[in-house]
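Below are the chains, spelled out letter by letter.
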Amino acid sequence: MERGGSNSSRALFPRGPSFTIDDFSSKDFIVRDFVDSLAETAVPANRRSAGPTNNAFDPKPLIRTFENALSQLGTLSEELQEKESELLSQVRRAEIQHDQTLDVLGRKLDQSMAQFEALDLTLNNPSTTAGNSRADGGGNIAVQIGEKLEELDRKRRKAQDANFLIQCWMEVTDSGQLTSLEEIQRQGGAENKVRCAVIARQLMRISQRLDPASWGQQTNGFRGNGVTNGVTGTSRRHNTREVLEKFSELLEQDLLKQFNNSYRRQNFDDMMECAKVLHDFNGGASVTAAFVNQHQFFIDRDQLITDEVTTDGETWDQLADPDSDPPGVEPSLQSLIDEVRIVMQEESFIIKRAFPYYETVLVKFIQRVFQQSIQQRLEMVLDKATTISSLAFLRSLHASRTYIGALVEDLKTHGLTEHPEPCSVQISQALDQQLEELFVPYLVGNSYIDREKRSLEEMYNSLLFKFTLYHSRRKKAPTGFMAAIAQQGTQLLASAKDAYMERLESSELTPTQKAMMLRVAGLQDNTNNKNEIEVSEQDGILSVANSKRMIIWLAESVRRTLEMGSTSDTPKDVNILLNLLLFSMGQVYVETALDAALDQATSQENSKTEPDLSYLPNIRPAVTITNIMSRFITTVLIRLAESNTTVRRHMEAQAKVAIEATEKKTNAVMKSTMDVAVNWVSKTLAQQKKLDFRPRDNDLEGLVDSLQTPTCQAICTFLSAKVAVQAAQAIDGHNLEMFNSELALAVYRLLFEHLKKFPVNATGGLMVTKDIAKYVSTMKEWKLNKDVEQIVELLTEVGYLFIIGPEALRERSRNLASGGPPGLGATMGKKLQKADFKAFVQKREDASTVGIQSVLAGL
């Protein structure tokens, strides 16, 4: 009112703008803008519109405006102060009220907790004192009430179940139907189906007890206490057994159908419910059989199981060829096993999610896979391999066992239902058992090792056939003890040769195996009569290459035996293979060749013609083959028998006897060769002419041209060109050094005595020194030990005794050995004996001269 009535005076004295607290509460409030607005309201409008003039600045309007604003701001500040004080008072009062409320609630909470603890103590920790007897009784009563309630609930449910069971029994006996039970079945759900299965089993037991007639049992109508088995006063009009069995069958079929539908939809939860119901109904046998037998894998494989094994002929030929590496597992079996690996891993995931007893189902699935699919295909492969050859069968069996064993290990590692963890013990045992049962028919007893032995015998007999045939035709003329040994060797050769021919002519021999045996033996396909087979000397010579082939075949057999057989049978099996090796390679092969060499050496010990030592080079391959055989026995066979000490020691003894027998025969051949060479040298020396070292004057021209006597030339040629060369081809190293040294000593003895028999003149002395120089140079070309070399050098000294003068003889006589027997025994001291010195000098033509006699007298 006041402001509205003073419009006339506002033009003269403007009071400035008014404002409230809300003007300062805005988020957009800026102090500078606020001050600028106050300044603008302080200048009159007429002055603002007039623009810049020369009028002087008038601060009074601004002063009045700002004073008015300060007055209003002071008033607002006082109002805010009053409101703040009022709010603070209200806050203090609220805080006091809140503290009081918290205190009350805390006391109430403490009281509640004390009451709860007292109640808990009363129920759980009753006191035995009289003062606490009431609390004790309260706790026991509470527990007893709970137990009674649970018992009453069980009785109530049991009574309801019994009532329903009686109701169903009355329905099935009176109307031959199970209306109430079918109603529960139609409701669906796992619990209702389980209840139907349980009640159906109970009704079956009631039917067996109260309606024996429907089960084919005779009854007199009364039991021992005079009560009838049936319902008194009524007669059975329906066969309860048939009704119940029909319902059970329909229920089972319904559940199986639901299970199969869920399997196709991959509804694992529904499958699990059906499996649980069927497990409670009949132990789960039907659903397990349905899952396993109707699996698509078996349906598809049943259509392919009649397919023949279609491996190409080249692969089967490679399997039957002992010199070719085994090609591996048969392709169709390999394809099946690879598919089994995938199916087992995939289905184990489904089985675990679909069955509560998944390990049992998985075991059944494993049994079906191995016993039907794998076993049938394996039998077809092995049957086909049997028609090829025994080696093809063994290789196929081993490759199949290895590949299926790898499948089992892969499944164990994968874990199947326990993936990614390893398989459970039960599943691992089931896999191992199925693997073992697959191959039991082929490994029972000694059947497998007998197959391996027969296969090796066939290959060995084939490889050695020409060798045995050659030596069986070789003429032998030993006598005495050697005749008995030769007879044993002949029997061995005959048995090996006849075994090969009998097997070759057997009707059971397959064409592929026959071709293999002929190829290994180096025979033609049209060979029918062994007497028509031609053999050469090369066929009777030992071959290190053939022995290596035999070892390779044996090593492959050992590997198969080791992987196929059990650990406990390994020592016995390798012992059988050892016997075969010692017989075939040791006796039939090596010892036969040594016997032949010994026969040739022995037959030439008293030969009238120059001996033929061509048999000597056979000694080196015999030694090499024996070393190969010995090393294989030591490093492989005996080590595999270490688990059985008795067998191992027996094998070591057998191997030792065999190796020693070979060594003895080798030594016998070399000793006989030594005798042959020494006897021939002795016989040749005996042909030395008496006048070879006492030539006449008219023979001087011929003697000048000749370097040695014919006897010396013949002996040196024989020793260097035949004996030394053949011996170096037979033996080497220390053995060759020992042989050459013994031969050199023997020749030395012969020459030492030989030179004492012939008179020597001055010209003949030159011939003697030439002959001795040739003998010495010939023997020094051999590999001799140092002692023998020095002994041989003494022959040179002997030659000098025939050409030097009396003074030189007297000088040499001072270095003679004294005492001891004449000959080689005295020369071991590297000096001539006086007796030998005298014997040589006395053969000089000028031995009767004064100078020579004075030398002899001085001895």
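For the structure itself, look to the data block above.
Model, not experiment: these values are computed from the prediction.

1. Topic: the overall build of the protein
Part 1 of the argument: The secondary structure content of the protein amounts to 35 helices and 0 strands.
Part 2 of the argument: Scored against the burial criterion, the 859 residues of the protein give a buried share of 40%.
Part 3 of the argument: Within the protein, contacts between residues at least 6 apart in sequence are counted, and of these 77% link residues at least 24 apart.
Part 4 of the argument: On the protein, roughly 47900 Å² of surface is accessible, and the fraction owed to carbon and sulfur atoms is 52%.

2. A word on the packing of aromatic side chains
Part 1 of the argument: Here the structure, examined in full by the defined rule, presents 14 aromatic pairs.
Part 2 of the argument: The rings of F259, Y263, F291, F355, Y357 and F365 are connected pair by pair, giving a single aromatic cluster.
Part 3 of the argument: Taking NZ or CZ as reference, K690 lies 5.2 Å from the ring centre of F758, over its face.
Part 4 of the argument: The side chain of K756 reaches across the aromatic face of F840, ending 5.7 Å from its centre.

3. Side note on the layout of surface pockets
Gaps left between atoms are located by rolling a probe of water-molecule size over the structure's atoms.
Part 1 of the argument: As a volume, the largest pocket reaches approximately 560 Å³.
Part 2 of the argument: Among the secondary structure elements, those contributing two or more residues to the lining of the largest pocket are α25 (619–640), α26 (645–686) and α29 (733–754).
Part 3 of the argument: The biggest single contributor to the lining of the largest pocket is α26, with 8 residues.
Part 4 of the argument: Here the residues of the lining of the largest pocket are counted per class, giving 8 nonpolar, 9 polar and 5 charged.
Part 5 of the argument: Approximately 420 Å³ is the volume found for the second largest pocket.
Part 6 of the argument: Residue lining of the second largest pocket: 20 residues in total, with E436, L443, M564, G565 and S566 positioned closest to the centre.
Part 7 of the argument: Mapped by element, the contributors of at least two residues to the lining of the second largest pocket are α18 (425–443), α19 (447–463), α23 (544–564) and α24 (570–603).

4. Remarks on the pattern of salt bridges
Part 1 of the argument: Using the criterion set out here, one finds 31 salt bridges in the structure.
Part 2 of the argument: D103 is the partner of R107 in a salt bridge, and the nearest nitrogen-oxygen pair spans 2.1 Å. One end of the pair, R107, and the other, D103, are both in helix α6 (residues 60–124), 4 residues apart, so they sit about a helical turn from each other.
Part 3 of the argument: If you follow the salt bridges from partner to partner, you end up with D321, D323, R519 and R549 in one network.

5. Examining the nonpolar core
Considering soluble globular proteins, one finds that nonpolar side chains tend to be buried as a cluster.
Part 1 of the argument: Within the largest apolar cluster, 117 residues are counted, with the highest numbers of intra-cluster contacts made by L581, I633, L637, L719, L743 and M779.
Part 2 of the argument: Of the residues forming this core, the biggest block, 15 residues, is contributed by α24.
Part 3 of the argument: Not counting chain neighbours up to four residues away, the residues in contact with L743 comprise M674, A677, V678, L719, V723 and W782.
Part 4 of the argument: In this structure, V172, I184, C196 and V243 belong to the second largest nonpolar core, which totals 83 residues.

6. Quick look at the environment of E793
Part 1 of the argument: The topology assignment puts E793 in helix α31 (residues 786–800).
Part 2 of the argument: A residue is classified by how much of its surface remains accessible, and E793, at 31% relative accessible area, is partly exposed.
Part 3 of the argument: Between the C-alpha atom of E793 and that of A773, which follows or precedes it by 20 residues, the distance is 9.3 Å.
Part 4 of the argument: Residue contacts for E793: discarding those within four places in its chain leaves V776 and K780.

7. Things to note about helix α14 (residues 313–320)
Part 1 of the argument: Among the residues of α14, W316, L319 and A320 are the ones counted as buried. For α14, the angular spread of buried residues about the axis comes to 95°, placing them on one side.
Part 2 of the argument: Lining the buried residues of α14 we find α16 (358–386), α17 (390–414) and α22 (511–521).

Criteria and cut-off values
- Residues numbered from 1 in each chain as written.
- Predicted model: local features only at pLDDT ≥ 70, side-chain atom pairs only at ≥ 80, totals over all residues.
- Heavy atoms only, no water.
- Helix = DSSP H or I, 4+ residues; strand = E, 2+ residues; numbered from the N terminus.
- Buried < 20%, exposed > 50% of the residue type's maximum accessible area, 1.4 Å probe, protein only.
- Contact = heavy atoms within 4.5 Å.
- Areas by Shrake-Rupley, 256 points an atom, 1.4 Å probe, with all protein chains shown as cover.
- Phe/Tyr/Trp six-rings, centres within 6.5 Å; stacked < 30°, edge-to-face > 60°.
- Lys NZ or Arg CZ within 6 Å of the ring centre and 35° of its normal.
- 1 Å grid on protein atoms, 1.4 Å probe; cavity = no way out; pocket = protein on both sides within 12 Å on 5 of 7 lines; lining within 4 Å.
- Points joined across faces, edges and corners; volume = space filled by probe spheres on them.
- Nonpolar A, V, L, I, M, F, W, Y, C, P; charged D, E, K, R; others polar.
- Salt bridge = Lys/Arg side-chain N within 4 Å of Asp/Glu carboxyl O.
- Core = buried A, V, L, I, M, F, W, Y, C linked by side-chain atoms within 4.5 Å.
- Arc of directions from axis to C-beta.

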